[in-house]
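Structural features, examined
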Amino acid sequence: MTSDPTTTAKGISSGVSYIPFGIPGLDGHVRGIPTGSTALLAGASDAGGDAFTYTSLATLMLAKHRPEMVPNGVAERAAAIPESVTYVTL
């Protein structure tokens, strides 16, 4: 008897912890970045990648260290936010 691939995938996925993006509109639609993963944000130099990075980082660090200052649900997931996040821009 073979198992259902969807059930198997959901079982694996449920054991993964996710770091929220720190952007309310995005966090409401996706779980976040799987812990230990790398995310590539690619686009034109004036497409808002830097603003996204700064906003995400600021929100995540506020949610982690000053959750009362973050009005959206990100602060409720503060346990999933690591002590540090590294962003590399090229």
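It should be emphasised that the depicted structure is a prediction, and the values quoted were computed from it without experimental measurement. Residues take numbers from 1 onward in each chain, read along the sequence in its written order. Given that the model is predicted, a residue must reach a pLDDT of at least 70 before its local features are reported, and side-chain atom pairs must reach 80 or more before they are shown or counted; all residues, however, enter totals for whole chains, interfaces and linings. Think of the side-chain values as coming from all heavy atoms in the structure, minus any hydrogens and water.

Once that is clear, we can look at the overall build of the chain. Only DSSP runs of H or I with at least four residues qualify as helices, and only runs of E with at least two residues qualify as strands; both kinds are numbered from the N terminus onward. Helices and strands together make up the secondary structure of the chain, namely three helices and two strands. Taken from the N to the C terminus, the helices and strands of the chain come in the order α-β-α-β-α. Relative to the 2.2 N^0.38 estimate, which gives 12 Å for 90 residues, the radius of gyration of the chain is 15 Å and therefore markedly larger than a compact globule would have. Taken along its principal axes, the extent of the C-alpha atoms in the chain is 50 × 35 × 20 Å. In this description, contact between two residues means that some pair of their heavy atoms is separated by no more than 4.5 Å. Intrachain contacts of the chain at a sequence separation of at least 6 include 41% that bridge at least 24 residues. Here the chain has roughly 6,500 Å² of accessible surface; of this, 60% comes from carbon and sulfur atoms. Here the globule rule reads 2.2 Å times residues to the power 0.38, and the radius of gyration is calculated from C-alpha atoms. Accessible surface is estimated by sampling points in the Shrake-Rupley manner with a 1.4 Å probe; for residues, cover comes only from the protein chains shown.

Let us look at the nonpolar core. Nonpolar side chains in soluble globular proteins tend to be buried together. What we call a nonpolar core is a set of buried Ala, Val, Leu, Ile, Met, Phe, Trp, Tyr and Cys residues that are connected through their side-chain atoms within 4.5 Å. Burial here depends on accessible area, computed with a 1.4 Å probe over protein chains only, as a share of the maximum for the residue type. Under 20% is buried, over 50% is exposed, and the range in between is partly exposed. Of all hydrophobic cores here, the largest spans seven residues; its members are Ile 19, Leu 60, Ala 63, Val 70, Val 74, Ala 75 and Ile 81. Excluding anything up to four places from it in sequence, Val 70 contacts Thr 59, Leu 62, Ala 63 and Ala 75.

By volume, the largest pocket is sized at about 1,000 Å³. As defined here, a cavity is a set of points on a 1 Å grid over the protein atoms alone where a 1.4 Å probe fits but cannot get out. A pocket is an open set with protein on both sides within 12 Å along at least five of seven lines, and residues line them when an atom is within 4 Å of a point. In terms of lining residues, the largest pocket is bounded by 31 residues, among which Ala 39, Leu 41, Thr 53, Tyr 87 and Val 88 are the most central. When residues of the lining of the largest pocket are traced back to their parent elements, those giving at least two are β2 (33-34) and α3 (49-65). The element best represented in the lining of the largest pocket is α3, accounting for six residues. Grid points are joined across faces, edges and corners, and a volume is the space filled by probe spheres set on the points.

Inspection of the secondary structure assignment puts Ala 42 in the loop between β2 and α3. For the pair Ala 42 and Leu 90, spaced 48 residues apart in sequence, the C-alpha to C-alpha distance is 9.9 Å.

Once that is clear, we can look at α3. Here, expected helix span is obtained from the residue count minus one, scaled by 1.5 Å. The terminal C-alpha atoms of α3 lie 24 Å apart, and with 17 residues this matches the ideal 24 Å at 1.5 Å per residue to within 8%. Thr 53, Ser 56, Thr 59, Leu 60 and Ala 63 are the residues of α3 that are buried. Down the axis of α3, the smallest arc covering the buried residues is 145°, so these residues share one side. Against the buried residues of α3 lie β1 (18-19). Note that the arc is computed from the directions linking the helix axis to the C-beta atoms.

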